[in-house]
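Close look at the chain arrangement
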Amino acid sequence: MADKNVTRGEMLYEGKAKQVFATDKKDLVLVHFKDDATAFNGEKKGQIEDKGIINNKLSASFFRFVESAGIPTHFVTRVNDRDMLCRKVTIIPLEVIVRNVVAGSLAKRTGQAEGTELPEPIVELTYKDDAQGDPLVTKEQAISMGAAKAEEIDQICAMALQVNDALYPWLLEKKLRLIDFKLEFGRNEEGHIVLADEMSPDTCRFWDSETGEKLDKDRFRRDMGGEKEAYVEVWNRVGDFHFAVPG
Ligand code: TMP
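Figured I'd write up the structure that's included with this text.

Parameters and conventions
Residues numbered from 1 in each chain as written. Predicted model: local features only at pLDDT ≥ 70, side-chain atom pairs only at ≥ 80, totals over all residues. Heavy atoms only, no water. Axes fitted to C-alpha atoms, helices over the stretch in contact; angles between N-to-C directions. Helix = DSSP H or I, 4+ residues; strand = E, 2+ residues; numbered from the N terminus. Left-handed = near helix turned anticlockwise from the far one by under 90°. Contact = heavy atoms within 4.5 Å. Nonpolar A, V, L, I, M, F, W, Y, C, P; charged D, E, K, R; others polar. Buried < 20%, exposed > 50% of the residue type's maximum accessible area, 1.4 Å probe, protein only. Polar contact = N/O pair within 3.5 Å; in protein donor to acceptor, adjacent residues only side chain to side chain. Phe/Tyr/Trp six-rings, centres within 6.5 Å; stacked < 30°, edge-to-face > 60°. Lys NZ or Arg CZ within 6 Å of the ring centre and 35° of its normal.

For the rest of this paragraph, the subject is the packing of helix α1 (residues 51-68) against helix α4 (residues 150-173). Put simply, α1 and α4 touch, their axes get as near as 10 Å, and they point 115° apart. Note on packing geometry: the crossing formed by α1 with α4 is right-handed. In this structure, α1 contributes Phe62, Phe65 and Val66 to the contact, and α4 contributes Val163, Ala166, Leu167, Trp170 and Leu171. Its residues assigned to classes, the contact of α1 with α4 comprises 8 nonpolar, no polar and no charged.

Examined against the element boundaries, glutamate 124 turns out to sit in strand β10 (residues 117-127). Residue classification places glutamate 124 among the buried residues on the basis of a relative accessible area of 8%. A polar contact of 3.1 Å, which involves the side chain of glutamate 124, links it to the side chain of arginine 99. When near neighbours in sequence (up to four residues on either side) are disregarded, glutamate 124 contacts Glu95, Val96, Ile97, Arg99, Leu106, Arg109 and Leu136.

On to the environment of alanine 37, then. Secondary-structure assignment places alanine 37 in strand β4 (residues 36-39). Looking at alanine 37, the relative accessible area reads 2%, which means it is buried. Each C-alpha atom, one on alanine 37 and one on proline 93, is 21 Å from the other, the two residues being 56 residues apart in sequence. With residues near it in sequence (within four places) discarded, alanine 37 still touches Lys44, Lys45, Gly46, Gln47, Ile48, Lys51 and Phe220.

This paragraph deals with the packing of aromatic side chains. The description of two aromatic rings rests on the distance between their centres and on the angle between their planes. This model, assessed by the stated rule, comprises 6 aromatic pairs. Considering the side-chain rings of phenylalanine 62 and tryptophan 170, the 6.3 Å spacing of their centres and the 75° angle between planes classify their relative orientation as edge-to-face. Of this pair, phenylalanine 62 sits in helix α1 while tryptophan 170 sits in helix α4, and the two are 108 residues apart along the sequence. Each member of the pair phenylalanine 62 and tryptophan 170 is classed as buried. Each ring, one from phenylalanine 65 and one from tryptophan 170, has its centre 3.9 Å from the other, and the planes form 10°; the classification is stacked. One end of the pair, phenylalanine 65, is in helix α1; the other, tryptophan 170, is in helix α4, and 105 residues separate them in sequence. Side by side, phenylalanine 65 and tryptophan 170 carry an identical accessibility label, which is buried. What links up through ring pairs into an aromatic cluster is the set Phe62, Phe65, Trp170, Phe206 and Phe241. When the ring centre of phenylalanine 21 is taken as reference, the NZ or CZ atom of arginine 8 above it lies at 4.0 Å. A cation over a ring is seen here: lysine 44 above phenylalanine 220, with NZ or CZ 4.7 Å from the ring centre.

See below:
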């Protein structure tokens, strides 16, 4: 069991939905989940009541689950309602998007109807730069911009597809269709690449597999209402995943 008794130090970083704090342990940080919600690169701002609490719990479950499928993550343990203890990493400035079904910006960009099943999962990369609106980049562009080396990008894309392969059938058992999701990766102190950031209805699209109802941040992005209820519903279906410890 990881030691939850760390002391919170200075704030290292503040993002739109999370804050990251140093701790008294050199290689550990505390990630604090806020209720703040933004969309369209911060143009639309709001709050979703208790989102931080739900996303902290859900991210913990997702990270434990993908670890159980053999994908290393920065996750250590959840310490309270809104704080998660993580290994310190340097975030690679790429957003890795995996898509199983056409939605969102892919539908806009290609004109394909939202809901069209893709024959194979698609991986997209965007370069993390708010001033440029996180532009879509090719692997070669990401390399030329110094985001990561070619082998690292290959590794990141392979890991993202592995996450998808593990998560998709597991979520379908819970009547959640995993439409698409965004991952971020980081390098730890040993230089190994691990899955980082969060996994939640902020960063994944989940549709009810029977009714097609949207159970994610699109409810906020598209002013549909019922966002809190949708996040709670995802939590109720996913639950608090823990490894089955043998013996
Ligand atoms: P998109 O269709 O808007 O490109 O979004 C693809 C996926 O990435 C979707 O599950 C939402 C997620 N996402 C983020 O987590 N952060 C972002 O800033 C954006 C634009 C999308």
